[in-house]
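As a plain string of letters, each chain reads:
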Amino acid sequence: MSLPLWTLDAFTEAAGGEVRGDAGAEISGISIDSRSLEPGDAFVAITGDRLDGHDYVAAALEAGASVALVSESRMSDLPEDGRYVVVDDPLEAMRQLGVAARARTDARIVAVTGSVGKTGTKEALRLTLEQSGKVHASVASFNNHWGVPLTLARMPADTDFGVFEIGMNHADEIRPLVKMVRPHVAIITTVQPVHLEFFESVEKIAQAKAEIFEGLEPDGIAILNKDNRQFDLLKFLASTSGVSQIHTFGEDGSADSHIENVAGFPGGSSVDARVLGQEITYKIGATGRHHVKNSLAVLTAVSDLGADLAKAGLALDAMRSPKGRGEVSRLPVTGGEVALIDESYNANPASMRAALAVLGESQVTPPGRRIAVIGDMRELGANADRLHGELSKPITENGIDAVYCAGPHMHSLWQQLPQELRAHYCEEAKDLEEVLLGDVRPGDVVMIKGSLGTRMGPLVEALKNEFPPADDSAAA
Ligand SMILES: Nc1ncnc2c1ncn2[C@@H]1O[C@H](COP(=O)(O)OP(=O)(O)OP(=O)(O)O)[C@@H](O)[C@H]1O
Ligand SMILES: [Mg+2]
């Protein structure tokens, strides 16, 4: 029988709370959402911007929570016959649980930050490290002030490898999180103009990402992207934070881990690389040069964590782009099929370029075309129009045949696009639907991308409803 995640005693002590009512002696998981809570989980009542977890305590207890971690100040609102651990501040208590979970484990820990590619890199680390031991990794993009402590508090004591995504929108957000995580290895995937609304410059973003060095364990290793424009600054900031070991990855042969040769195939890439001096050949089951670059950081970390590099390389074959982040579907249409690349989850200049490059690499069968359906990239502040307009270059360079644009900022791009590439422009994404559904034809490859708030996702759904894919999960 496996050990419980927490005994009630250890949980209560770590949370610094007091038990009230008939709480279960063992806690099998931690939940902050009564809808997804599994019987035996502890429910932590977190107060967010919109919702207060205390309003869902009754539902959590009903769903079988072993105990609810709640605030003393809210006790009078909660069911009298409930099972509680009572504290002043449940979020702070969850942080303390995270700190205690980290302290009790011998796991080797890796933390991932960067402007793009955190979740993809985290999932690839999960896949590769699972070949060498028991892995605990963040769910989805749980990378913020509650996501990181929640992930820590959920880490079983007998974990061999812990994988943490750490994100930020502002300076000073990463520092307290990484000090809880205390990684042995920290990866910065890349630093790009993302969330510029909240930063004066890309250098300021690099400085905020560099906070990750402040939580590295003594003798910890920083893994940095040598191709990134911010590399020199990050390297300098790493050394001023006392980081003694830096491993670099990139295209160039001078990087500690670098690409020797890449060949694309439908649905992925074959890579020859040198990882910290070791030759390795592997396949990646997701399309795009960005995945190849991220894989170098992944394999470097695998090696630095003492896991099996060869097994890790083999595991990358099973990597897939998730829904909204490059998932490919094949849609049957009269006379053939359309390939749909769903990038609708989010967008910024870096990931937009990566997605346009994937579209550029896609095989098209004439009379099929490479079609980009792209919506506004948000949070770019005063530079937004310029950054949208600059997409004209990667669009022409990647041989895109037709562009559909949605959103006020995309108008800047629309005006700069060569006439023959302009398919349709609308202020709102939903107004592209009818035109797009009428225009697609056999052989087309359609890539749909924009910030979540631009609502490009419904266009993906509309295409899938009109032309239902035989197997939704099929990779191209
Ligand atoms: N190294 C990279 N360079 C450019 N684009 C990338 C890179 N890695 C991933 N991407 C693109 O960025 C998108 C987002 O990837 P991912 O979800 O891994 O990023 P994230 O950093 O976790 O984002 P979030 O901040 O939303 O959590 C993907 O659709 C992918 O196409
Ligand atoms: Mg993420």
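This paragraph deals with the domain arrangement of the protein. Each assigned domain of the protein is listed with its residue range as follows: domain 1 (6-90), domain 2 (105-318) and domain 3 (327-466). Placing a centre on the C-alpha atoms of domain 2 and another on those of domain 3 gives a separation of 29 Å. Every contact between the two is made by 15 residues of domain 2 and, on the other side, 14 residues of domain 3. A per-class count over the side of domain 2 that touches domain 3 returns five nonpolar, eight polar and two charged.

Lining the immediate surroundings of ligand 1 are 22 residues, of which Gly117, Lys118, Thr119, Ser351 and Ala354 lie closest. Among the secondary structure elements, those contributing two or more residues to the shell around ligand 1 are helix H4 (118-129), helix H9 (289-304) and helix H11 (349-361). Ranked by residue count, the leading element in the shell around ligand 1 is H11, at four residues. Split into classes, the residues belonging to the shell around ligand 1 amount to four nonpolar, 14 polar and four charged. Here the shell around ligand 1 gathers at least three residues from each of two domains, domain 2 (105-318) and domain 3 (327-466).

So, on to helix H6 (residues 174-181). Residues of H6 that are buried include every one of Ile174, Leu177, Val178, Met180 and Val181, and no others. Buried residues of H6, viewed axially, fall in a sector of 155°; they line one side. Looking at the buried side of H6, the elements it contacts are helix H3 (90-104), strand S8 (108-113), helix H5 (147-153), strand S10 (161-165) and helix H7 (202-209). Immediately downstream of H6, the backbone of Arg182 shows phi near 45°, a positive value.

Let us look at the sheet that holds strand S5 (residues 41-44). Pairing is mixed in the open sheet, where five strands are placed in the order S2-S7-S6-S5-S4. What marks the edges here is a single partner per strand, and that holds for strand S2 (18-20) and strand S4 (29-31). When strand polarity is set aside, the average angle formed by the axes of neighbouring strands in this sheet is 25°. Where S4 meets S5, three bridges bridge the pair, whose relative direction is parallel. Bridging from a neighbouring strand, Ser31 pairs with Phe43 of S5. This element, helix H1 (residues 8-15), spans S2, S5, strand S6 (67-71) and strand S7 (84-87) of the sheet and lies at about 15° to S7. Relative to S6, H3 is tilted by about 125°, and along the sheet it contacts S5, S6 and S7.

This part is about the nonpolar core. Residues Ala68 and Leu69 are the most contacted members of the largest nonpolar core, which totals 103 residues. Broken down by element, the residue count for this core peaks at seven residues, all from H9. Among residues more than four places away in sequence, those in contact with Leu69 are Ala15, Gly17, Ala42, Phe43, Val44, Ala45, Val85, Val87, Pro90 and Ala93.

Turning our attention to the pairing of strand S20 (residues 402-406). Counting buried positions over the five residues of S20 gives four, a clear majority of the element. Pairing of S20 with strand S21 (residues 422-426), which is carried by four bridges, proceeds in the parallel orientation. Pairing of Cys405 across the sheet is with Tyr425, part of S21. This β-α-β element, S20 to helix H14 (residues 410-416) to S21, shows right-handed connectivity.

This part takes up unusual backbone geometry. A cis amide bond links Pro366 to the next residue, Pro367, at an omega of 10°. Along the chain, Pro367 falls in the loop between H11 and strand S19 (370-375). A positive phi is found at Arg182, a non-glycine position, where the angle reads about 45°. Mapped onto the fold, Arg182 is located in the loop between H6 and strand S11 (185-188). Residue Arg182 is classed as partly exposed on the basis of its 19 C-beta neighbours within 10 Å. Positive phi, normally seen in glycine, also occurs at His195, with a value near 55°.

Calculation criteria
- Residues numbered from 1 in each chain as written.
- Chains lettered and ligands numbered in written order.
- Predicted model: local features only at pLDDT ≥ 70, side-chain atom pairs only at ≥ 80, totals over all residues.
- Domains from an automatic or database assignment.
- Contact = placed C-beta atoms within 7 Å.
- Nonpolar A, V, L, I, M, F, W, Y, C, P; charged D, E, K, R; others polar.
- Near = placed C-beta within 6 Å.
- Helix = DSSP H or I, 4+ residues; strand = E, 2+ residues; numbered from the N terminus.
- Buried ≥ 20, exposed ≤ 12 C-beta atoms within 10 Å, placed from the backbone.
- Arc of directions from axis to C-beta.
- Pairing = 2+ DSSP bridges.
- Axes fitted to C-alpha atoms, helices over the stretch in contact; angles between N-to-C directions.
- Core = buried A, V, L, I, M, F, W, Y, C linked by C-beta atoms within 7 Å.
- Right-handed = clockwise from strand over helix to strand, strands pointing away.

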